[in-house]
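# Observations on chain architecture
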Amino acid sequence: MPEGHSIRRLATMLDSLFTGQVVRASSPQGRFDAGAGAVDGWRVTGTDAHGKHLFVELEPPAGGEPRFVHVHLGLYGAWAFVTADGAGPHAIGAPRRPTSRAPETGTGTDAVAVADAVVPADPADIEAEASAELVVPEPRPTVRLRLLTDTVVADLTGPARCDLIDEGQKDSVHDRLGPDPLRRDADPERFVAAVRRTRRSVGELLMDQSVIAGVGNIYRAEALYRARIHPRTEGRAVSVARLRAMWDDVAELLADGVEHGVIVTTRPEDRRAPRPDSWARAAERATDEEADFRWYVYRRAGRPCHVCGNPVSIDDLAGRTVFWCARCQRRLRSRARAA
Ligand SMILES: [Zn+2]
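Attention here is on the structure that accompanies the text.

### Description of the coordination of the zinc ion
Donor atoms from the polypeptide that bind the zinc ion are Cys305 (SG), Cys308 (SG), Cys325 (SG) and Cys328 (SG), placed at 2.2 to 2.4 Å. Around the zinc ion, the four donor atoms sit at angles spanning 97 to 115°, and that spread fits a shape best called tetrahedral. Residue class for cysteine 308 comes out partly exposed when judged on its relative accessible area of 25%. Owing to a relative accessible area of 0%, cysteine 325 belongs among the buried residues under this scheme.

Shown next, in the form of C-alpha cells:
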C-alpha cells in the first residue's frame, strides 16, 4: 500500500496536470457513474492529501459549492496517466502482485505485497512534455474514474474508495484522521498524547491512521529502528521527548520520500553496501541489495543489522508484518507509578 509520501506526490502531480482545467469525468467501469457524471464538465480547482486520503476539488461551471472526489487507494488502487507526448501510462500506486519468488523473509503478506508507489521522478516533466496531440486510449473495463483534458488522461483503478463528497464531509474525514507530518496544520502534540494514553503497542499505534496519518509498514519499522524502540513497547511507556523526536524524524523521512519518490531511511554512515545499480522504485520489487541499502530492518528479516550485526527479527503485530533488531531496539517499561 502506498504510504503518505506517495499520496502527497500524487496530489502534487494531479494539481500540476489538472488544476484550472475543465475536465471530462467518466466511470468506464460504471461503479462511480453518478459521482463522475455529477462533476463532468466541472473545473478542477485544487488537490489535497491527508495521510493516505487524496482529494480533488472541483467547481461547477456556473459557480457554487465545490465538491471533492475522495480517493483512498487501499492495497490495489492505482492511477495511470497518459499525456500528449505519447510517453504512455505512468503507474502510480499500482497494484503489485506478489512475485513468483517466495517471500523468503516474510510471515505475512506485507513482505512482498506492500509496494512503495511508482511515481515519475518529476511530475512537472510530464506537463512540460505535453505539447503534441493527446491520443486517448480506450479505457480498461476496470477504470473506476477517468479524468480527461486536451492534454492528459488519468485513469483510477481498484481504489478502496472513490466517492464524491462536499466540504462538510471532507472536514469529517480530516477529523477522523490523526495529524499528518506532511501537512502544515499538523499538531505533533496530538500524536504524542494519543500514543501516551494507551497500553497498545507503539508498533500498532504508528500504523493507526487516527494516531498519525500517512505512516505505513515501511516508515513504521524504520522509524522505530531509528528511535531504537522495540515495536511491542506500550505507548504509555514512551516519553514525551522520545515521541516528539520520533515525530520530527518521521516528518523528515516523509519529506525526503516526497522529494525523491522512494523511501530511504539508512544514514550514509550505516550503509555496508554501495547503492545497487538497479533501483526499482517499487518496494516490493526491491532486491535484497536494494533493501540492504535503503532500510535498516524493513524486508530484511534474518539479514544482519547494519549497526550491530544481529539478524533482523520478523513477526506479526496486529495482523501486519513487523521487523526489528532485537539487540538495537529496547522494549521500554512504563513507570506506572510515576505521575
Ligand atoms: Zn542491531
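What follows continues from the structure just given.
### Quick look at the side chain of histidine 230
In this structure, histidine 230 sits in the loop between helix H8 (217-227) and helix H9 (240-260). Assessed through its relative accessible area of 11%, histidine 230 is described here as buried. With sequence-adjacent residues up to four places away left out, histidine 230 is seen in contact with Val202, Trp324, Gln329, Arg330 and Arg331.

### Section: the nonpolar core
With 41 residues, the main nonpolar core has Phe191, Met246 and Val297 as its most contacted residues. Taken together, the elements giving at least two residues each to this core come down to helix H6 (188-196), helix H7 (202-206), H8 and H9. With near-sequence residues (within four places) excluded, methionine 246 lies in contact with Phe191, Leu206, Ala223, Leu224, Ala227 and Ile229. One finds Leu14, Val44, Leu58 and Trp79 within the second-largest nonpolar core, a separate group that totals 30 residues.

Definitions and limits used
Residues numbered from 1 in each chain as written. Predicted model: local features only at pLDDT ≥ 70, side-chain atom pairs only at ≥ 80, totals over all residues. Heavy atoms only, no water. Donors = N, O, S within 2.8 Å, 3.2 Å for Na, K, Ca; no water. Tetrahedral: all angles 85-135°; square planar, octahedral: opposite > 155°, others 65-115°. Buried < 20%, exposed > 50% of the residue type's maximum accessible area, 1.4 Å probe, protein only. Helix = DSSP H or I, 4+ residues; strand = E, 2+ residues; numbered from the N terminus. Contact = heavy atoms within 4.5 Å. Core = buried A, V, L, I, M, F, W, Y, C linked by side-chain atoms within 4.5 Å.

All quantities given are derived from atomic positions and should not be read as evidence of function.
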